[in-house]
There are 4 protein chains.
Amino acid sequence: MSDAFLHRFLHRHRVTYAECTIGNHVYHSRYLDILEAARGEFMRHVGHDLNQLQSEGFIFPVIEARLTYHRPARYDEVLDIGLALIELTPLRLGVLHEVRRADGTLVLEAVTRHVCTSPEEKPRRMPKPLVSALRPWVLVTASPEGSE
Amino acid sequence: MSDAFLHRFLHRHRVTYAECTIGNHVYHSRYLDILEAARGEFMRHVGHDLNQLQSEGFIFPVIEARLTYHRPARYDEVLDIGLALIELTPLRLGVLHEVRRADGTLVLEAVTRHVCTSPEEKPRRMPKPLVSALRPWVLVTASPEGSE
Amino acid sequence: MSDAFLHRFLHRHRVTYAECTIGNHVYHSRYLDILEAARGEFMRHVGHDLNQLQSEGFIFPVIEARLTYHRPARYDEVLDIGLALIELTPLRLGVLHEVRRADGTLVLEAVTRHVCTSPEEKPRRMPKPLVSALRPWVLVTASPEGSE
Amino acid sequence: MSDAFLHRFLHRHRVTYAECTIGNHVYHSRYLDILEAARGEFMRHVGHDLNQLQSEGFIFPVIEARLTYHRPARYDEVLDIGLALIELTPLRLGVLHEVRRADGTLVLEAVTRHVCTSPEEKPRRMPKPLVSALRPWVLVTASPEGSE
């Protein structure tokens, strides 16, 4: 995967003891907590913070998560979490995350898939301004033939 | 503190990697999660489970917690959590917890204090049957003179 | 996916407040903690507990996790976690987990993939008795032609 | 308690869904994780980060924690964590924390007490430069008589 998308949106996180387990590395489930914080900041950055959306009746439960662990992250390391979208429809969102150490070493790649629902967990189409604000963040991959 | 109350209500917990941090011991905040599970089982045992109480409009937010850490607990150890009440009024609950290893070694002593409130977090008197069911679990300490 | 493997190894878990988030459902990362507890009990059940293996210099870091969230689980629900293996080599382990409510409703399907390493995180072949003990737990799927 | 010490060292934290539980408030144990992050930044600020100290053989396990919960904190709120010391000897450290919302509302007061030990958890005197660097952060309370 190219590093290019990392420059699109970046969130920074400092690893705590609370996140580590025996052997001095971040426990594998804690990354999902860290990614959630990154997505929250991303949504704020695009002008639609999740708290506001929730108060308007839109929530984004996770329906799928795929995590590939490349290298351990250690206590007190600074992690850079890069974000881009790989799916965007009025009902669904797919988010790609890359977690890297300060020196660029890839720690984790992860995709989370979300549906847009009401607080009662019924599918609900995202507001149009939200879809528009998210569209520029969809990762565009060059077609193999380089055509267009 | 006497061991006596341990025999009143006991909950058992097996330590996971998720709960441990660097140096192979349970991270200090995870005990509060373990104690919550123990209180939930205690309430079920006395016939008033927290889920039922919540559906009837009674919740028990923590207003104070005091934890004294005596010995570390390690991965895969079985912990016994003993519970007793040290305060009981229609509006307040004080719970004493002792966490011990299988060999009896004291790991943690903790007190949590709770108020009874509505889901909107307004103080609300506990139902009388609940107070009655909890009363036998209040820890009675002999007065120094041995009198009544 | 057939329910059959659920009968092979089953771990039970009661949902706590600590595991839930806003909207009364288990937060998506907490399932990984619950699955870890289930795997720990599974390994003990097959006669090779992880603590013993760790003391002998074998650990099993997660290199990949895939979670598909089907239905939310709520506070105080009892969850049954069924386990089976889908990959077994001296260096790698793939574990399939199904989480169901007491009434059989599927909550979560998850696969975690692990490597066997030394405590210094160097690949290390599992002891033969461990591989033998795990073999019967590998999920065998009938080939489409029904041949062999 | 006076607000004065808040100006001594301040750490900022944004509340995530991972930290919240049913009823939209931060789960009571998660504050200890947040306080740990604040202490880590405080130690870095005074020039002795915990990671460096650990590599030199000094760790600071928690032996006591007292938390008083004043007001709930909600999803996405920004919390200010103010820190000061209330005990400092070569072997022990007492840290007072105040957590406030952006508008100054007091959310939590907490004290954690730590011992300085070797990685094998044997008591060990802190390095003198560390004690000197920490001394200015000890909270000085005016004596009632206003004397010396």
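Keep in mind it's a predicted model, so treat the numbers as computed, not measured. (Residues numbered from 1 in each chain as written. Chains lettered and ligands numbered in written order. Predicted model: local features only at pLDDT ≥ 70, side-chain atom pairs only at ≥ 80, totals over all residues. Heavy atoms only, no water.)

Peer 1: How would you sum up the relation of the copies chain A and chain C? Please name residues and give values.
Peer 2: The two copies are related by a screw operation: chain A maps onto chain C through 180° of rotation and 0.0 Å of translation along the axis, at an RMSD of 0.0 Å. Classification of the inter-copy transformation places it as that of a two-fold axis. Measuring from the rotation axis to each C-alpha of chain A, the shortest distance belongs to Arg-66 of chain A, at 2.2 Å. A shared interface surface links the copies, since 100% of the contact residues of chain A are contact residues in chain C too. (Least-squares fit on C-alpha atoms with pLDDT ≥ 70 in both. Contact = heavy atoms within 4.5 Å.)

Peer 1: How would you sum up the sheet that holds strand β4 (residues 62-69) of chain A? Please name residues and give values.
Peer 2: Strands sit in the order β1(A)-β5(A)-β6(A)-β7(A)-β4(A)-β4(C)-β7(C)-β6(C)-β5(C)-β1(C) across an open sheet of 10 strands; the sheet is antiparallel. The open sheet is flanked by β1 (10-14) of chain A together with β1 (10-14) of chain C, the only strands paired with a single partner. Averaged over all pairs of adjacent strands, the angle between strand axes in this sheet comes to 20°, irrespective of strand direction. With nine bridges joining them, strand β6 (residues 92-101) of chain A and strand β7 (residues 106-115) of chain A adopt antiparallel strand pairing. Paired with Val-99 of chain A across the strands is Leu-108 of chain A, a residue of β7 of chain A. (Pairing = 2+ DSSP bridges. Helix = DSSP H or I, 4+ residues; strand = E, 2+ residues; numbered from the N terminus. Axes fitted to C-alpha atoms, helices over the stretch in contact; angles between N-to-C directions.)

Peer 1: Summarise the environment of Phe-60 of chain A; cite the residues concerned and give the values.
Peer 2: All names here are of chain A. Among the secondary structure elements, Phe-60 is positioned in the loop between α2 (50-55) and β4. C-alpha of Phe-60 to C-alpha of Val-111: the two residues are 51 residues apart in sequence and 14 Å apart in space. The residues contacting Phe-60, other than those within four sequence positions of it, are Leu-50, Leu-53, Leu-93, His-114, Val-115, Cys-116, Met-126 and Leu-130.

Peer 1: Any details on the sheet that holds strand β6 (residues 92-101) of chain B? Residues and values, ideally.
Peer 2: Strands sit in the order β1(B)-β5(B)-β6(B)-β7(B)-β4(B)-β4(D)-β7(D)-β6(D)-β5(D)-β1(D) across an open sheet of 10 strands; the sheet is antiparallel. The open sheet has two free edges, formed respectively by β1 (10-14) of chain B together with β1 (10-14) of chain D, since each of these has just one partner strand. Each strand axis lies, on average, 20° off the axis of its neighbour in the sheet, ignoring direction.

Peer 1: Could you give an account of the relation of the copies chain C and chain D, with specific residues and numbers?
Peer 2: Least-squares fitting of chain C to chain D yields an RMSD of 0.0 Å, with the superposition described by an axial translation of 0.0 Å and a rotation of 180°. Looking at chain C, 100% of its interface residues are interface residues in chain D too, so the copies touch through the same face.

Peer 1: Which residues make up the environment of Ala-133 of chain C, and what are the values?
Peer 2: Residues and elements named next belong to chain C. With respect to the helices and strands, Ala-133 occurs in helix α3 (residues 128-134). Between the alpha carbons of Ala-133 and Ala-18 there is a distance of 35 Å; along the sequence they are 115 residues apart. Here Ala-133 is in contact with Val-46 and His-48, once residues within four sequence places are set aside.

Peer 1: Before we move on, could you go through the interface of chain A and chain C and cite the residues and values that matter?
Peer 2: Contacts between chain A and chain C engage 23 residues on the former and 23 residues on the latter. In terms of surface lost to chain C, no three residues of chain A exceed His-28, Tyr-69 and Glu-121 of chain A, which account for 24% of the buried area on that side. Taken together, chain A and chain C are joined by four salt bridges. Of the charged contacts, one joins Arg-30 of chain C and Asp-33 of chain A as a salt bridge, the two residues approaching to 3.4 Å between their closest N and O atoms. As paired strands, β4 of chain A and strand β4 (residues 62-69) of chain C are joined by five bridges and run antiparallel to one another. Within the sheet, the bridge partner assigned to Glu-64 of chain A lies in β4 of chain C and is Thr-68 of chain C. (Buried area = accessible area lost by both parts, 1.4 Å probe. Salt bridge = Lys/Arg side-chain N within 4 Å of Asp/Glu carboxyl O.)

Peer 1: I'd like a description of helix α1 (residues 30-45) of chain C, backed by residues and values.
Peer 2: Residues and elements named next belong to chain C. Taking 1.5 Å per residue as the helical rise, α1 with its 16 residues ought to reach 22 Å, and the 23 Å between its terminal C-alpha atoms agrees with that figure. With 12 of its 16 residues buried, α1 lies for the most part within the structure. Arg-30, Tyr-31, Leu-32, Asp-33, Ile-34, Leu-35, Glu-36, Ala-38, Arg-39, Gly-40, Phe-42 and Met-43 are the residues of α1 that are buried. Positive phi appears at Gly-47, one or two residues downstream of α1, with a value of about 95°. (Expected span 1.5 Å × (residues − 1). Buried < 20%, exposed > 50% of the residue type's maximum accessible area, 1.4 Å probe, protein only.)

Peer 1: Explain the pattern of salt bridges to me, using residue names and the numbers behind them.
Peer 2: The tally for this structure, following the rule as stated, stands at 48 salt bridges over all chains. In this structure, Arg-101 of chain B engages Glu-77 of chain B in a salt bridge whose closest nitrogen and oxygen atoms are separated by 3.5 Å. Here Glu-77 of chain B lies in the loop between β4 (62-69) and β5 (78-88) and Arg-101 of chain B lies in strand β6, a separation of 24 residues in the sequence. Residue classification places Glu-77 of chain B among the partly exposed residues on the basis of a relative accessible area of 21%. Via salt bridges that share partners, Arg-14 and Asp-76 of chain A together with Glu-41 and Arg-44 of chain D belong to a single interconnected network.

Peer 1: Requested: an account of the pairing of strand β6 (residues 92-101) of chain D, with residues and values cited.
Peer 2: All names here are of chain D. Burial within β6 is extensive, with nine of its 10 residues counted as buried. The turn linking strand β5 (residues 78-88) back onto β6 is made up of three residues. Connecting the antiparallel pair β6 and strand β7 (residues 106-115) is a turn made up of four residues, with Gly-104 showing a positive phi of about 95°.

Peer 1: Could you give an account of the pairing of strand β5 (residues 78-88) of chain C, with specific residues and numbers?
Peer 2: Residue and element names in this part refer to chain C. The buried count for β5 comes to nine of 11 residues, which makes it a mostly enclosed element. Judged from the five bridges that link them, β1 and β5 form a sheet pairing that is antiparallel. Within β5, the position partnered with Arg-12 by the bridge is Asp-80. Pairing between β5 and strand β6 (residues 92-101): nine bridges, direction antiparallel. Each bridged residue has a counterpart across the sheet, and for Leu-85 the counterpart in β6 is Val-95.

Peer 1: How would you summarise the interface of chain C and chain D if you had to cite specific residues and measurements?
Peer 2: Taken residue by residue, the interface counts nine residues in chain C and nine residues in chain D. Between chain C and chain D the total buried area reaches about 830 Å² when both faces are included, carbon and sulfur atoms providing 64% of it. In terms of surface lost to chain D, no three residues of chain C exceed Tyr-17, Ala-18 and Ile-22 of chain C, which account for 53% of the buried area on that side. If you look at where chain C meets chain D, you find zero salt bridges.

Peer 1: Mind laying out the confidence of the model for chain A, listing which residues take part and the relevant values?
Peer 2: In the predicted model, chain A carries a mean pLDDT of 92, and the fraction of residues at 70 or more is 90%. Among the scores for the predicted complex, ipTM is 0.90 and pTM is 0.93. (pLDDT = per-residue confidence, 0-100.)

Peer 1: Which residues make up the packing of aromatic side chains, and what values do they have?
Peer 2: The geometry of an aromatic ring pair is captured by the separation of the ring centres together with the interplanar angle, meaning the angle of the planes. Scanning the model with the defined rule gives 16 aromatic pairs over all chains in all. Ring plane angle 90° and centroid distance 5.3 Å describe the contact between Phe-42 of chain A and Trp-137 of chain A, whose orientation is recorded as edge-to-face. Note that Phe-42 of chain A is positioned in helix α1 (residues 30-45) and Trp-137 of chain A in the segment after α3 (128-134), a separation of 95 residues in sequence. Residues Phe-42 of chain A and Trp-137 of chain A agree in their burial class; the two are buried. A centroid spacing of 5.5 Å and a plane angle of 65° characterise the contact between Phe-9 of chain B and Phe-42 of chain B, whose relative ring orientation is edge-to-face. (Phe/Tyr/Trp six-rings, centres within 6.5 Å; stacked < 30°, edge-to-face > 60°.)

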